[in-house]
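One letter stands for each residue in the lines below.
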Amino acid sequence: MAKTVPNKTAKTVEKTTAGNPVFPGWYADPEGAIFGKKYWIYPTFSAVYEKQVFFDAFSSPDLVNWTKHARILDTTAVKWAKKAIWAPAIVEKKGKYFLFFGANDIQSDNEIGGIGVAVANKPEGPFKDYLGKPLIDKFHNGAQPIDQFVFKDKDGQYYMIYGGWRHCNIAKLKDDFTGFTTFEDGTTFKEITPEGYVEGPFMFEKGGKYYFMWSEGGWGGPDYRVAYAIADSPMGPFKRISTILAQDPQVATSAGHHSVMHDPKSDDWYIVYHRRPLGDTGRDHRVTCIDRMTFDEKGFIQPVKITQEGVAKQKIK
C-alpha cells in the first residue's frame, strides 16, 4: 500500500481580515462590547421563537479570530422566560456583568414576559436570573418591552433605551439595576421616538454629542436598515439625519439591528450588525457581520460600506 507523504510545502494561511459573517451560524441582533483586552459579541440565536431559549457569546483578541462560548444563559436559569430570548445588551459594573434581554414576545400587559436581566462574574457567564421576574413587563407609551440597550452617560447614570412596535422609551436605571428612578417631572418612561423608528435602539457619545441610532423597515424584508440622529442630551430631541446602513444588492440584504464597538484609545469605530445572505429568503437566516464606521469632518456618520472581507486585524490598545 502506498504511503501518504505529508505536503511539507503547505502552509497555514493566516487570516488578515475577519470575513463576513465573522462566525458561522444563524445569529442576529448582535451586541458588541469590549471587556479588558477582548472584543465580545452577544447575539440572538436566529430561529423560530420556540427554539430561541439560549444565548451564545463570541470573543476575540483581534476582531478576526473568534471563540464561541456556548449557552452562556438559557431558560433553565430564567424561570419566567419560555421563548423568544432576544437582542441581549451587556454592561460591566463593579466586577459584575449584567446581561439584559427580551423574552416571550409579549403582545399585551396581560402576558408574562418583557425585559429581564441576568448576572455573572465573567463575560462568558454562566449567567443567572438577577431579579426572578422581568424588569419591564408592561407596555409604556406604546413600546413593546424588547430591544433594550443600556447606555452609561458621562456622569455615571445608566439609562435603558428600548422599545418595539415603533415606539422608543428612555428610563433611568437604579444604581443596582433592580428597577428605575423617576425623572424630575415624576415620570419613569419618556418617549424619544424619532421619525422612522421601528426597533433596535443604540446610543453612544462622541465629542459631547449624543448619537442615537435605530432600525427601520421590517426585519424579515430586504429593506431593513439603520438610521441615526444627534442631540445634546440622551433625552433628545432626536431629528432623523439619514440612513447609514442598508442592503447592497451585490453583497447582502436586510442589514440592520446593530451595535457599535469603539476602543477609547483608538480612532477606529466598528458597526456590528446582522444581514441576510444574497438569494436567501429564509426568515431566520441572518448572520453577524462587522464593518468599519467613519465620520466626516463635521461629525456626521458616513454611509457604511458593507463588505464580504470584513475588518482588518486590530488588537485593543
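The rules behind these values
- Residues numbered from 1 in each chain as written.
- Predicted model: local features only at pLDDT ≥ 70, side-chain atom pairs only at ≥ 80, totals over all residues.
- Heavy atoms only, no water.
- Helix = DSSP H or I, 4+ residues; strand = E, 2+ residues; numbered from the N terminus.
- Contact = heavy atoms within 4.5 Å.
- Areas by Shrake-Rupley, 256 points an atom, 1.4 Å probe, with all protein chains shown as cover.
- Buried < 20%, exposed > 50% of the residue type's maximum accessible area, 1.4 Å probe, protein only.
- Pairing = 2+ DSSP bridges.
- Salt bridge = Lys/Arg side-chain N within 4 Å of Asp/Glu carboxyl O.
- Axes fitted to C-alpha atoms, helices over the stretch in contact; angles between N-to-C directions.
- Core = buried A, V, L, I, M, F, W, Y, C linked by side-chain atoms within 4.5 Å.

J.: What should I look at first to understand the overall build of the chain in this one?
T.: The helix and strand inventory of the chain stands at zero helices and 20 strands. By its C-alpha atoms, the chain is 80 × 50 × 40 Å across when sized along the principal axes. Considering only contacts in the chain between residues 6 or more positions apart, those separated by 24 or more positions represent 50%. By element, 52% of the accessible surface of the chain is carried by carbon and sulfur atoms, the whole surface being about 14500 Å².

J.: Whenever I open this one, the pairing of strand 18 (residues 252-262) confuses me. Can you help?
T.: Both faces of the sheet carry side chains from a regular strand, because those side chains alternate between them. With respect to burial, strand 18 is a largely interior element, 10 of its 11 residues being buried. By the bridge criterion, seven bridges tie strand 18 to strand 19 (residues 269-277) in an arrangement that is antiparallel. Opposite Gly256, over in strand 19, you have His274 as the bridge partner. Counting the residues in the hairpin turn of strand 18 and strand 19 gives six residues.

J.: I'm lost on the pattern of salt bridges in this one. Help?
T.: Pairing between side chains of opposite charge can happen when their charged atoms approach one another. Counting across every chain of the model gives 12 salt bridges. Asp175 is paired through a salt bridge with Lys93; the nearest N and O atoms lie 2.8 Å apart. In this pair, Asp175 sits in the loop between strand 11 (169-173) and strand 12 (180-181) while Lys93 sits in strand 5 (residues 86-93), placing the two residues 82 residues apart along the sequence. Salt bridges sharing common partners tie together Glu216, Asp223, Arg225 and Arg240.

J.: How should the sheet that holds strand 19 be read in this particular structure?
T.: Working definition: the strands of a sheet are paired by backbone hydrogen bonds and lie parallel or antiparallel to each other. Strand order across the open sheet formed by three strands is 18-19-20, with antiparallel pairing between neighbours. In this open sheet, the two edge strands, each paired with only one partner strand, are strand 18 and strand 20 (287-293). Adjacent strand axes in the sheet meet at a mean angle of 30°, parallel and antiparallel pairs treated alike. Direction of pairing for strand 19 relative to strand 20: antiparallel, over a ladder of seven bridges. For His274, the partnering residue across the bridge sits in strand 20 and is Thr288.

J.: Sorry if this is basic, but what is going on with the sheet that holds strand 7 (residues 114-120) here?
T.: Within the open sheet, the four strands sit side by side as 5-6-7-8. Their pairing is antiparallel. The sheet is open, and its two borders are formed by strand 5 and strand 8 (128-129), each paired with just one other strand. Note that strand 5 and strand 6 (residues 96-103) share six bridges and pair antiparallel. Residue pairing for strand 6: Ala89 is matched across the bridge by Phe100.

J.: Which parts of the structure should I look at to understand the nonpolar core?
T.: Nonpolar side chains in soluble globular proteins tend to be buried together. Ranked by internal contacts, the top residues of the largest apolar core, which has 39 residues, are Phe204, Phe212, Met213, Ile244, Leu245, Met293 and Ile301. Aside from chain neighbours lying at most four places away, what touches Ile244 is Met213, Val226, Ala227, Tyr228, Ile271, Ile301, Gln302, Pro303 and Val304. Ala33, Phe55, Leu99 and Ala103 belong to the second largest nonpolar core, which has 20 residues in total.

J.: Would you take a moment to explain the environment of Asp153 for this structure?
T.: Position of Asp153 among the secondary structure elements: in the loop between strand 9 (149-152) and strand 10 (158-162). C-alpha of Asp153 to C-alpha of Ile192: the two residues are 39 residues apart in sequence and 16 Å apart in space. Aside from chain neighbours lying at most four places away, what touches Asp153 is Tyr159, Tyr210 and Pro234.

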